[in-house]
Structure formats: C-alpha cells, structure tokens
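Spelled out from the first residue to the last, the chains are:
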Amino acid sequence: MRLVIMADTHVPKRARDLPSGLWAAVDAADLVIHAGDWVSVELLDEVERRSARLVGVYGNNDGPQLRARLPEIARVQVAGMRIAVVHETGPASGRERRCAARFPDCDLLVFGHSHIPWDSEAPGGLRLLNPGSPTDRRRQPYATYLTAELADGRLDAVTLHEVTPSSRPQRRVTP
C-alpha cells in the first residue's frame, strides 16, 4: 500500500497550490494522510477528490469550516498497522515519551505543526513521523513531504521528498 504523508500545507496563504510532484504522489497513493493546517476548504475538497482514501485532521490554523469536517485526532487501522494522526504534539524535548503515553494503542503517529521533518521511535515501538511542510519550509533548507510503503503491519521505504524551486506550484487548486 502506497502512502503519502503531508501537513502544514497552508494553501493559499503560503502557496497557491501544492507542488506538482506531491499532486502526482496523491494521485498514485492508496492512502493520503494530512496532519492539519490545510487553511482552505478548497484544498481539502481537491485532496479528497483525488485521493483513493484520505485520513486528515485539523490544525491550529484551520477555521470553523475545516473543523466541522475534520477531527482533532484521527485513528485508522490499515494493512495491519494502527495509525493515529494529530496536528500538535508539543515540544520536541520528551516528545517520544509523551506520545507513547498518549497513544499506547498505536504503531504509527503522524503529526505536523513544526514544519520540521521528524522520524523517531518511542519506547514500546511507536513510530513518530512529521512530514514537514511542502509549501512553507520555515527554517529548513527545503519544503518537504513523505511517501512510504505499508504492508503486513510494517512501514517501509519511508522517503522524505524535498520540494525544489522548479517543483513549486504553477497552478491554483480548482474547486
């Protein structure tokens, strides 16, 4: 099963659209995970339309329309893996311990908010992934998103994709 993992898209505030490579990955994925800060309902509509399956949550920059359609925390079991998605996990210091205590029944936690890619494992085996942001790199050298393969309860081929200037959006999201 092919996964695309993104967060902190901030469309249209930080970019007019998602990078073309990310749209291609969404089109090819079996599951798209978005860990919040969509900003526009139009982006949610387009990602839903183009995704085989979408699991998403709202973030701190998402208004009432997005909060009405998305949960604060999403949980799903896919291909033998128990996945939770949340926007914020608090400070980096102690993150693994806090998240293991908060999500003891999960194998994978996807989160966002910091715009900083993160891949770690908590005591007890909980994997924590933050894809960064494909549109707002902040203090990072590149904007980013993740892809991965999921089979038989295993997450493999986790790949951090760097968004280069030539792959930045050239079109607007269409409703």
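Heads up: these notes are all about the structure in this document. (Residues numbered from 1 in each chain as written. Predicted model: local features only at pLDDT ≥ 70, side-chain atom pairs only at ≥ 80, totals over all residues. Heavy atoms only, no water.)

1. So, unusual backbone geometry
What counts here: Only DSSP runs of H or I with at least four residues qualify as helices, and only runs of E with at least two residues qualify as strands; both kinds are numbered from the N terminus onward.
Going from V11 to P12, the amide bond is cis rather than trans, its omega being 10°. Secondary-structure assignment places P12 in the loop between strand 1 (2-6) and helix 1 (20-28). Although it is not a glycine, H113 adopts a positive phi angle of roughly 80°. Structurally, H113 is set in the loop between strand 6 (108-110) and strand 7 (118-121).

2. Topic: the sheet that holds strand 6
How we decide: By the convention used here, strands pair only if DSSP detects at least 2 bridges between them. For every element, the axis is a line fit to its C-alpha atoms; helices are fit only across the contacting stretch, and the angle between N-to-C directions ranges from 0 to 180 degrees. Residue contacts are defined here by distance: any two heavy atoms, one from each residue, within 4.5 Å place the two residues in contact.
One open sheet holds the five strands; their spatial order is 4-5-6-8-7, and the pairing between them is mixed. Of all the strands in the sheet, the pair left with one neighbour each is strand 4 (73-78) and strand 7. Each strand of the sheet is rotated relative to its neighbour by a mean of 15°, with strand direction disregarded. Judged from the three bridges that link them, strand 5 (residues 81-86) and strand 6 form a sheet pairing that is parallel. Note that in strand 6 the partner of I83 across the bridge is L108. Across the sheet, helix 4 (residues 95-102) is in contact with strand 4, strand 5, strand 6, strand 7 and strand 8 (127-130); its angle to strand 7 comes to roughly 70°.

3. Side note on the sheet that holds strand 1
As summarised here, the arrangement of the five strands in space is 3-2-1-9-10, forming an open sheet in which the pairing is mixed. Looking at the sheet topology across the chains shown, the edges are occupied by strand 3 (54-56) and strand 10 (154-163). Sheet twist, expressed as the average angle between the axes of neighbouring strands with direction ignored, equals 20°. Where strand 1 lies against strand 9 (residues 143-151), four bridges are found, and the strand directions are antiparallel. Paired with L3 across the strands is A148, a residue of strand 9. The sheet contacts of helix 1 involve strand 1, strand 2 (31-34) and strand 9, and relative to strand 1 the element is tilted by about 140°.

4. So, helix 4
To be explicit about the condition: Each residue's exposure class comes from its accessible area (1.4 Å probe, protein chains only) as a fraction of the maximum for that residue type: buried when under 20%, exposed when over 50%, partly exposed otherwise. Directions pointing from the helix axis toward each C-beta atom define the arc.
Those residues of helix 4 lying buried are R95, E96, C99 and A100. One side of helix 4 holds all its buried residues, which, seen down the axis, span an arc of 125°. For helix 4, the exposed residues set more than 90 degrees away from the buried face come down to R97 and A101. Packed against the buried residues of helix 4 are strand 6, strand 7 and strand 8.

5. What to know about helix 1
The complete set of buried residues in helix 1 reads L22, W23, A25 and V26. Seen along its axis, helix 1 keeps its buried residues to an arc of 160°; they face one direction. Residues of helix 1 that are buried in the fold lie against strand 1, strand 2, helix 2 (41-50) and strand 9.

6. Examining the environment of E96
What counts, and what does not: Side-chain atoms alone can form a polar contact between residues adjacent in sequence; in general such a contact is a pair of N or O atoms within 3.5 Å, and within protein one must be able to donate a hydrogen while the other accepts it.
Considering the arrangement of structural elements, one finds E96 in helix 4. Apart from residues lying up to four places away in sequence, E96 is in contact with W118, S120, E121, A122, P123 and L128. A polar side-chain atom of E96 sits 2.6 Å from a polar atom in the side chain of S120.

7. Quick look at the environment of E48
Residue placement: E48 occurs in helix 2. According to the relative accessible area criterion, E48 is partly exposed, its value standing at 39%. Along the chain, E48 and D37 lie eleven residues apart, while their C-alpha atoms are 15 Å from each other. Those residues in contact with E48 that lie beyond four places of it in its chain are L54 and R69.

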